[in-house]
Amino acid sequence: MTAPLTIDAVKVGDQLPPLSYDVTATTVVVGALATRDWRPQHHDYHFATVRNGVRDIFMNAPNQAAWFERYITDWTGPRGRLGKVGFRMKDSVFPGDTMTLRGTVTDVTVDDTGCGWVALDVTMHADDRLATTCSARVAIPTATDDNPWARRGESWKPEQS
Amino acid sequence: MSEDLPADVAALIDQVQYEEAGEFPVERGYIWTSAASVENGNPLFWDDKVAAELTGGPIAPPSMLSTWFRPHHWAPGREVQRLPLQVHFDLKEQLGLPEAVMTDNTITFYEPVRPGDTISTCQRLRSVSPEKQTKLGTGRFWVIDVEYRNERGELVGVESWTGFGYRRAA
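Residues numbered from 1 in each chain as written. Chains lettered and ligands numbered in written order. Predicted model: local features only at pLDDT ≥ 70, side-chain atom pairs only at ≥ 80, totals over all residues.

Asks: Explain the overall build of chain A to me, please; I cannot follow it from the model alone.
Replies: Secondary structure assignment for chain A yields three helices and five strands. When the helices and strands of chain A are listed from N to C terminus, the series reads β-α-α-α-β-β-β-β. Dimensions of chain A, computed from C-alpha atoms along their principal axes, come out at roughly 55 × 30 × 30 Å. With 161 residues in all, chain A has 42% of them scored as buried. (Helix = DSSP H or I, 4+ residues; strand = E, 2+ residues; numbered from the N terminus. Buried ≥ 20, exposed ≤ 12 C-beta atoms within 10 Å, placed from the backbone.)

This is how it looks when you write it as C-alpha coordinates:
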(Lines give C-alpha, C1' and ligand atoms only; values in the text may rest on other atoms or scores of the structure.)
Protein backbone atom coordinates (compact mmCIF):
# COMPACT_ATOMS: atom_id res chain seq x y z
CA MET A 1 0.00 0.00 0.00
CA THR A 2 1.26 3.49 -0.77
CA ALA A 3 1.79 5.93 2.09
CA PRO A 4 -1.59 7.28 3.23
CA LEU A 5 -2.63 10.89 2.84
CA THR A 6 -2.06 12.48 6.24
CA ILE A 7 -3.45 15.67 7.73
CA ASP A 8 -0.12 17.55 7.58
CA ALA A 9 -0.12 17.23 3.78
CA VAL A 10 -3.48 19.01 3.39
CA LYS A 11 -4.22 22.72 3.59
CA VAL A 12 -7.22 24.95 3.09
CA GLY A 13 -7.66 25.83 -0.56
CA ASP A 14 -6.19 22.60 -1.89
CA GLN A 15 -8.01 21.33 -4.98
CA LEU A 16 -8.82 17.67 -5.48
CA PRO A 17 -8.14 16.26 -8.94
CA PRO A 18 -11.35 16.59 -11.01
CA LEU A 19 -13.23 13.48 -12.12
CA SER A 20 -15.19 13.45 -15.38
CA TYR A 21 -17.54 10.70 -16.46
CA ASP A 22 -19.79 10.32 -19.50
CA VAL A 23 -23.23 9.42 -18.17
CA THR A 24 -25.36 6.97 -20.13
CA ALA A 25 -28.82 5.51 -19.48
CA THR A 26 -26.96 2.47 -18.17
CA THR A 27 -25.12 4.62 -15.61
CA VAL A 28 -28.45 5.93 -14.30
CA VAL A 29 -30.19 2.54 -14.29
CA VAL A 30 -27.28 0.65 -12.70
CA GLY A 31 -27.05 3.37 -10.06
CA ALA A 32 -30.77 3.10 -9.28
CA LEU A 33 -30.59 -0.71 -9.13
CA ALA A 34 -27.50 -0.61 -6.89
CA THR A 35 -29.40 1.53 -4.38
CA ARG A 36 -32.70 -0.43 -4.64
CA ASP A 37 -34.42 2.67 -5.93
CA TRP A 38 -37.30 1.41 -8.03
CA ARG A 39 -38.95 4.77 -8.64
CA PRO A 40 -39.73 4.94 -12.37
CA GLN A 41 -38.12 8.31 -13.06
CA HIS A 42 -34.75 6.56 -12.74
CA HIS A 43 -35.40 3.88 -15.36
CA ASP A 44 -38.55 4.73 -17.33
CA TYR A 45 -38.07 7.35 -20.03
CA HIS A 46 -41.81 7.70 -20.66
CA PHE A 47 -42.59 8.28 -16.96
CA ALA A 48 -39.72 10.76 -16.56
CA THR A 49 -40.65 12.85 -19.60
CA VAL A 50 -44.45 12.70 -19.52
CA ARG A 51 -45.20 12.46 -15.80
CA ASN A 52 -42.24 14.33 -14.30
CA GLY A 53 -41.89 16.68 -17.25
CA VAL A 54 -38.10 16.39 -17.48
CA ARG A 55 -36.02 15.58 -20.54
CA ASP A 56 -34.97 12.02 -19.65
CA ILE A 57 -34.46 9.59 -16.77
CA PHE A 58 -32.09 11.09 -14.21
CA MET A 59 -29.53 9.98 -11.63
CA ASN A 60 -31.02 9.29 -8.19
CA ALA A 61 -29.81 10.87 -4.97
CA PRO A 62 -28.33 7.78 -3.26
CA ASN A 63 -26.26 7.02 -6.34
CA GLN A 64 -24.98 10.59 -6.29
CA ALA A 65 -23.92 9.93 -2.69
CA ALA A 66 -21.97 6.92 -3.93
CA TRP A 67 -20.27 9.08 -6.57
CA PHE A 68 -19.30 11.66 -3.92
CA GLU A 69 -17.90 8.93 -1.69
CA ARG A 70 -15.88 7.43 -4.53
CA TYR A 71 -14.55 10.86 -5.50
CA ILE A 72 -13.47 11.73 -1.95
CA THR A 73 -11.90 8.36 -1.13
CA ASP A 74 -10.08 8.26 -4.47
CA TRP A 75 -8.25 11.25 -3.00
CA THR A 76 -7.83 10.11 0.63
CA GLY A 77 -7.13 6.43 -0.02
CA PRO A 78 -8.76 3.64 2.01
CA ARG A 79 -7.86 5.13 5.41
CA GLY A 80 -10.13 8.08 4.68
CA ARG A 81 -13.34 7.64 6.68
CA LEU A 82 -16.40 9.69 5.80
CA GLY A 83 -18.00 11.38 8.78
CA LYS A 84 -20.72 13.37 7.14
CA VAL A 85 -21.95 14.35 3.70
CA GLY A 86 -24.67 16.80 2.88
CA PHE A 87 -25.78 17.56 -0.61
CA ARG A 88 -28.26 19.74 -2.40
CA MET A 89 -29.63 18.84 -5.79
CA LYS A 90 -30.15 21.89 -7.97
CA ASP A 91 -30.45 20.27 -11.38
CA SER A 92 -30.56 16.74 -12.74
CA VAL A 93 -27.89 14.53 -14.28
CA PHE A 94 -29.19 12.95 -17.48
CA PRO A 95 -27.87 10.40 -19.98
CA GLY A 96 -25.66 12.21 -22.48
CA ASP A 97 -24.27 14.59 -19.85
CA THR A 98 -20.61 14.65 -18.96
CA MET A 99 -20.60 14.64 -15.17
CA THR A 100 -17.64 16.40 -13.54
CA LEU A 101 -16.82 16.40 -9.84
CA ARG A 102 -14.50 19.00 -8.35
CA GLY A 103 -13.47 19.46 -4.75
CA THR A 104 -11.83 22.10 -2.56
CA VAL A 105 -10.52 21.81 0.99
CA THR A 106 -12.34 24.32 3.21
CA ASP A 107 -11.08 23.33 6.66
CA VAL A 108 -8.41 21.16 8.28
CA THR A 109 -8.69 20.39 11.99
CA VAL A 110 -7.79 17.90 14.69
CA ASP A 111 -10.65 17.40 17.16
CA ASP A 112 -10.41 16.97 20.95
CA THR A 113 -10.07 13.20 20.56
CA GLY A 114 -7.06 13.60 18.25
CA CYS A 115 -8.98 12.72 15.08
CA GLY A 116 -7.89 14.58 11.94
CA TRP A 117 -10.71 16.07 9.87
CA VAL A 118 -10.83 17.64 6.44
CA ALA A 119 -13.88 19.60 5.30
CA LEU A 120 -14.55 19.70 1.58
CA ASP A 121 -16.85 21.52 -0.80
CA VAL A 122 -17.54 19.29 -3.77
CA THR A 123 -19.54 20.16 -6.88
CA MET A 124 -21.13 17.91 -9.44
CA HIS A 125 -21.66 19.48 -12.84
CA ALA A 126 -23.68 17.98 -15.68
CA ASP A 127 -22.00 19.50 -18.72
CA ASP A 128 -22.01 23.21 -17.79
CA ARG A 129 -24.93 22.97 -15.36
CA LEU A 130 -24.28 22.87 -11.62
CA ALA A 131 -26.30 19.78 -10.67
CA THR A 132 -25.39 19.16 -7.03
CA THR A 133 -23.34 20.80 -4.31
CA CYS A 134 -21.90 18.72 -1.50
CA SER A 135 -20.27 19.51 1.83
CA ALA A 136 -18.31 16.63 3.27
CA ARG A 137 -16.34 15.92 6.40
CA VAL A 138 -13.79 13.13 6.12
CA ALA A 139 -11.35 11.83 8.72
CA ILE A 140 -7.82 11.15 7.53
CA PRO A 141 -4.79 9.91 9.49
CA THR A 142 -2.79 12.35 11.60
CA ALA A 143 0.31 10.16 11.07
CA THR A 144 1.21 7.25 8.82
CA ASP A 145 0.37 4.73 11.54
CA ASP A 146 -2.98 6.36 12.42
CA ASN A 147 -6.22 4.76 11.27
CA PRO A 148 -9.52 6.67 11.66
CA TRP A 149 -11.46 3.40 11.19
CA ALA A 150 -10.16 2.23 14.59
CA ARG A 151 -12.23 4.95 16.29
CA ARG A 152 -15.44 3.98 18.08
CA GLY A 153 -17.93 5.49 20.51
CA GLU A 154 -16.74 8.73 22.09
CA SER A 155 -13.59 8.86 19.99
CA TRP A 156 -15.64 9.17 16.76
CA LYS A 157 -17.41 12.52 16.40
CA PRO A 158 -18.60 12.79 12.82
CA GLU A 159 -21.41 15.24 13.49
CA GLN A 160 -19.30 18.23 14.54
CA SER A 161 -19.08 20.94 11.97
CA MET B 1 -43.43 25.66 11.28
CA SER B 2 -46.37 26.46 9.04
CA GLU B 3 -49.53 27.71 10.75
CA ASP B 4 -51.78 26.44 7.97
CA LEU B 5 -50.60 22.88 8.46
CA PRO B 6 -53.41 20.31 8.93
CA ALA B 7 -53.58 19.16 12.57
CA ASP B 8 -53.04 15.49 11.69
CA VAL B 9 -49.75 16.37 9.99
CA ALA B 10 -48.66 18.77 12.75
CA ALA B 11 -49.24 15.99 15.30
CA LEU B 12 -46.64 13.82 13.55
CA ILE B 13 -43.73 16.23 14.04
CA ASP B 14 -40.87 14.54 15.96
CA GLN B 15 -42.88 11.32 16.46
CA VAL B 16 -41.15 7.99 15.84
CA GLN B 17 -42.81 6.28 12.88
CA TYR B 18 -42.23 3.14 10.86
CA GLU B 19 -39.79 1.25 13.06
CA GLU B 20 -38.67 -1.44 10.65
CA ALA B 21 -35.99 -4.08 10.30
CA GLY B 22 -34.26 -4.61 6.96
CA GLU B 23 -35.77 -7.37 4.85
CA PHE B 24 -32.50 -9.25 4.52
CA PRO B 25 -28.99 -8.87 5.89
CA VAL B 26 -26.29 -6.68 4.41
CA GLU B 27 -24.50 -8.77 1.80
CA ARG B 28 -21.45 -8.43 -0.36
CA GLY B 29 -23.19 -8.84 -3.71
CA TYR B 30 -24.93 -5.52 -3.19
CA ILE B 31 -21.71 -3.94 -1.94
CA TRP B 32 -19.95 -4.93 -5.16
CA THR B 33 -22.91 -3.78 -7.25
CA SER B 34 -22.76 -0.39 -5.56
CA ALA B 35 -18.99 -0.06 -5.92
CA ALA B 36 -19.25 -1.13 -9.57
CA SER B 37 -22.03 1.39 -10.27
CA VAL B 38 -19.63 4.27 -9.59
CA GLU B 39 -16.41 2.42 -10.49
CA ASN B 40 -15.20 2.72 -6.90
CA GLY B 41 -11.92 0.78 -6.61
CA ASN B 42 -11.41 1.43 -2.88
CA PRO B 43 -9.61 -1.77 -1.75
CA LEU B 44 -11.68 -1.82 1.46
CA PHE B 45 -14.49 -3.29 -0.63
CA TRP B 46 -12.47 -5.56 -2.93
CA ASP B 47 -9.39 -6.74 -1.01
CA ASP B 48 -10.06 -8.75 2.16
CA LYS B 49 -6.49 -8.25 3.36
CA VAL B 50 -6.83 -4.47 3.32
CA ALA B 51 -10.30 -4.70 4.92
CA ALA B 52 -8.92 -6.96 7.67
CA GLU B 53 -6.06 -4.56 8.34
CA LEU B 54 -8.00 -1.28 8.35
CA THR B 55 -11.59 -2.07 9.23
CA GLY B 56 -11.37 -5.43 11.03
CA GLY B 57 -13.02 -7.20 8.08
CA PRO B 58 -15.26 -6.25 5.17
CA ILE B 59 -17.54 -3.25 5.43
CA ALA B 60 -20.10 -1.63 3.15
CA PRO B 61 -19.43 1.76 1.56
CA PRO B 62 -20.84 4.26 4.09
CA SER B 63 -22.87 6.00 1.37
CA MET B 64 -24.87 2.78 0.88
CA LEU B 65 -26.65 3.40 4.18
CA SER B 66 -30.07 4.12 2.69
CA THR B 67 -29.83 1.09 0.41
CA TRP B 68 -30.20 -1.23 3.38
CA PHE B 69 -33.48 0.37 4.32
CA ARG B 70 -35.10 0.30 0.91
CA PRO B 71 -37.38 -2.69 0.38
CA HIS B 72 -36.63 -4.97 -2.52
CA HIS B 73 -38.86 -4.79 -5.58
CA TRP B 74 -40.82 -7.85 -4.48
CA ALA B 75 -41.01 -10.33 -1.64
CA PRO B 76 -43.04 -13.50 -1.17
CA GLY B 77 -46.54 -12.79 0.11
CA ARG B 78 -46.36 -9.07 -0.50
CA GLU B 79 -49.33 -7.83 -2.52
CA VAL B 80 -48.40 -4.17 -2.77
CA GLN B 81 -44.93 -2.77 -3.40
CA ARG B 82 -43.52 -1.36 -0.18
CA LEU B 83 -42.23 2.15 -0.42
CA PRO B 84 -39.09 3.47 1.23
CA LEU B 85 -39.36 6.63 3.33
CA GLN B 86 -43.07 6.03 3.83
CA VAL B 87 -43.44 9.30 5.77
CA HIS B 88 -42.61 11.13 2.54
CA PHE B 89 -45.36 9.33 0.62
CA ASP B 90 -47.82 9.77 3.51
CA LEU B 91 -47.22 13.53 3.39
CA LYS B 92 -47.90 13.67 -0.34
CA GLU B 93 -51.21 11.95 0.32
CA GLN B 94 -52.15 13.95 3.44
CA LEU B 95 -51.29 17.29 1.85
CA GLY B 96 -52.74 16.47 -1.57
CA LEU B 97 -49.46 17.00 -3.40
CA PRO B 98 -49.20 14.45 -6.22
CA GLU B 99 -45.57 15.08 -7.25
CA ALA B 100 -42.45 15.23 -5.12
CA VAL B 101 -38.70 15.52 -5.44
CA MET B 102 -35.87 15.29 -2.94
CA THR B 103 -33.74 18.42 -2.72
CA ASP B 104 -31.31 17.94 0.21
CA ASN B 105 -29.77 14.91 1.84
CA THR B 106 -27.40 14.87 4.81
CA ILE B 107 -25.93 11.65 6.14
CA THR B 108 -23.84 11.22 9.29
CA PHE B 109 -21.92 7.97 9.59
CA TYR B 110 -21.21 6.17 12.86
CA GLU B 111 -20.33 2.46 13.26
CA PRO B 112 -19.42 0.83 9.92
CA VAL B 113 -22.05 -1.42 8.33
CA ARG B 114 -20.78 -4.98 7.78
CA PRO B 115 -21.94 -7.97 5.74
CA GLY B 116 -24.34 -9.98 7.89
CA ASP B 117 -25.69 -6.95 9.75
CA THR B 118 -29.44 -6.43 9.80
CA ILE B 119 -30.18 -2.74 9.79
CA SER B 120 -33.23 -1.36 11.58
CA THR B 121 -34.63 2.07 10.97
CA CYS B 122 -37.16 4.55 12.24
CA GLN B 123 -38.42 7.74 10.63
CA ARG B 124 -39.23 11.12 12.16
CA LEU B 125 -40.91 14.06 10.45
CA ARG B 126 -38.99 17.12 11.61
CA SER B 127 -40.68 20.05 9.83
CA VAL B 128 -43.10 21.11 7.08
CA SER B 129 -42.92 24.54 5.42
CA PRO B 130 -45.77 26.85 4.40
CA GLU B 131 -46.86 26.60 0.76
CA LYS B 132 -44.23 27.93 -1.61
CA GLN B 133 -43.97 28.47 -5.31
CA THR B 134 -40.99 27.09 -7.23
CA LYS B 135 -40.24 26.48 -10.89
CA LEU B 136 -41.69 22.97 -10.46
CA GLY B 137 -45.02 24.13 -9.04
CA THR B 138 -46.71 25.06 -5.76
CA GLY B 139 -46.06 22.91 -2.72
CA ARG B 140 -44.30 22.44 0.59
CA PHE B 141 -40.82 21.48 1.74
CA TRP B 142 -40.47 18.91 4.52
CA VAL B 143 -37.59 17.37 6.46
CA ILE B 144 -37.57 13.70 7.46
CA ASP B 145 -34.86 12.02 9.56
CA VAL B 146 -34.08 8.33 9.33
CA GLU B 147 -32.07 6.68 12.11
CA TYR B 148 -30.19 3.47 11.35
CA ARG B 149 -29.04 0.86 13.89
CA ASN B 150 -27.45 -2.55 13.54
CA GLU B 151 -28.76 -5.71 15.24
CA ARG B 152 -26.58 -4.93 18.28
CA GLY B 153 -28.41 -1.64 18.70
CA GLU B 154 -25.37 0.41 17.69
CA LEU B 155 -26.06 3.62 15.80
CA VAL B 156 -24.67 3.29 12.27
CA GLY B 157 -26.04 6.47 10.75
CA VAL B 158 -28.55 9.28 10.67
CA GLU B 159 -29.94 10.57 7.43
CA SER B 160 -31.90 13.75 6.94
CA TRP B 161 -33.95 14.27 3.78
CA THR B 162 -35.57 17.45 2.51
CA GLY B 163 -38.43 16.75 0.12
CA PHE B 164 -40.60 19.10 -1.90
CA GLY B 165 -44.14 17.91 -2.58
CA TYR B 166 -45.97 19.91 -5.23
CA ARG B 167 -48.69 20.33 -7.80
CA ARG B 168 -47.34 21.03 -11.27
CA ALA B 169 -47.96 24.51 -12.60
CA ALA B 170 -50.89 24.50 -15.06
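Asks: Hey, could you run me through the environment of B:Gly116 in this one?
Replies: All names here are of chain B. Relative to the assigned elements, Gly-116 resides in the loop between β2 (99–109) and β3 (120–128). Sequence separation between Gly-116 and Ala-10 is 106 residues; the distance between their C-alpha atoms is 38 Å. Discounting chain neighbours no more than four positions away, the residues touching Gly-116 are Pro-25 and Val-26. (Contact = placed C-beta atoms within 7 Å.)

Asks: How do you make sense of the environment of A:Ser20 when you look at a structure like this?
Replies: Residues and elements named next belong to chain A. Within the secondary structure, Ser-20 sits in strand β1 (residues 15–22). Here Ser-20 falls in the exposed class, since 10 other C-beta atoms lie within 10 Å of it. Measuring from C-alpha to C-alpha, the distance between Ser-20 and Ala-126 comes to 9.6 Å, with 106 residues separating the pair along the chain. The contacts of Ser-20, once residues within four sequence positions are left out, are Thr-98 and Thr-100.

Asks: What am I meant to see in the nonpolar core here?
Replies: Where a protein is soluble and globular, its nonpolar side chains tend to be buried together. One finds A:Phe68, A:Ile72, A:Val85, A:Ala136, A:Val138 and B:Val113 to be the most contacted residues of the largest nonpolar core, which totals 67 residues. Tallying contributions element by element places helix α3 (residues 61–76) of chain A first for this core, with seven residues. Contact partners of B:Val113, with chain neighbours within four places excluded, come to B:Val26, B:Ile59, B:Ala60, B:Leu65, B:Trp68, B:Ile119, B:Asn150 and B:Val156. (Core = buried A, V, L, I, M, F, W, Y, C linked by C-beta atoms within 7 Å.)

Asks: Where do I start with unusual backbone geometry in this structure?
Replies: Note on backbone geometry: most residues besides glycine have negative phi, and most peptide bonds are trans. Residues and elements named next belong to chain B. A positive phi angle, close to 50°, is found at Tyr-18, a residue other than glycine. Within the element layout of this structure, Tyr-18 appears in strand β1 (residues 16–21). Not every positive phi belongs to a glycine, and Glu-39 is a case in point at roughly 50°. Tracing the backbone shows Glu-39 in the loop between α2 (28–37) and α3 (48–55). Take Glu-39: there are 12 C-beta atoms within 10 Å of it, and that puts it in the exposed class.

Asks: Could you clarify how one ought to interpret the interface of chain A and chain B in this entry?
Replies: Interfaces are frequently sized by the accessible area removed from exposure as the parts join. Each partner contributes residues to the interface: chain A has 33 residues there, and chain B has 29 residues. At the level of secondary structure, the elements contributing two or more residues to the side of chain A that touches chain B comprise α1 (25–34), α3 and β2 (81–89) of chain A. Ranked by residues supplied to the side of chain A that touches chain B, first place goes to α3(A) with 10 residues. Taken together, the residues of the side of chain A that touches chain B sort by class into 17 nonpolar, eight polar and eight charged. Relative to β2(B), β2(A) is paired through five bridges, and the arrangement is antiparallel. Residue pairing in the sheet places A:Phe87 in a bridge with B:Asn105 of β2(B). (Nonpolar A, V, L, I, M, F, W, Y, C, P; charged D, E, K, R; others polar. Pairing = 2+ DSSP bridges.)

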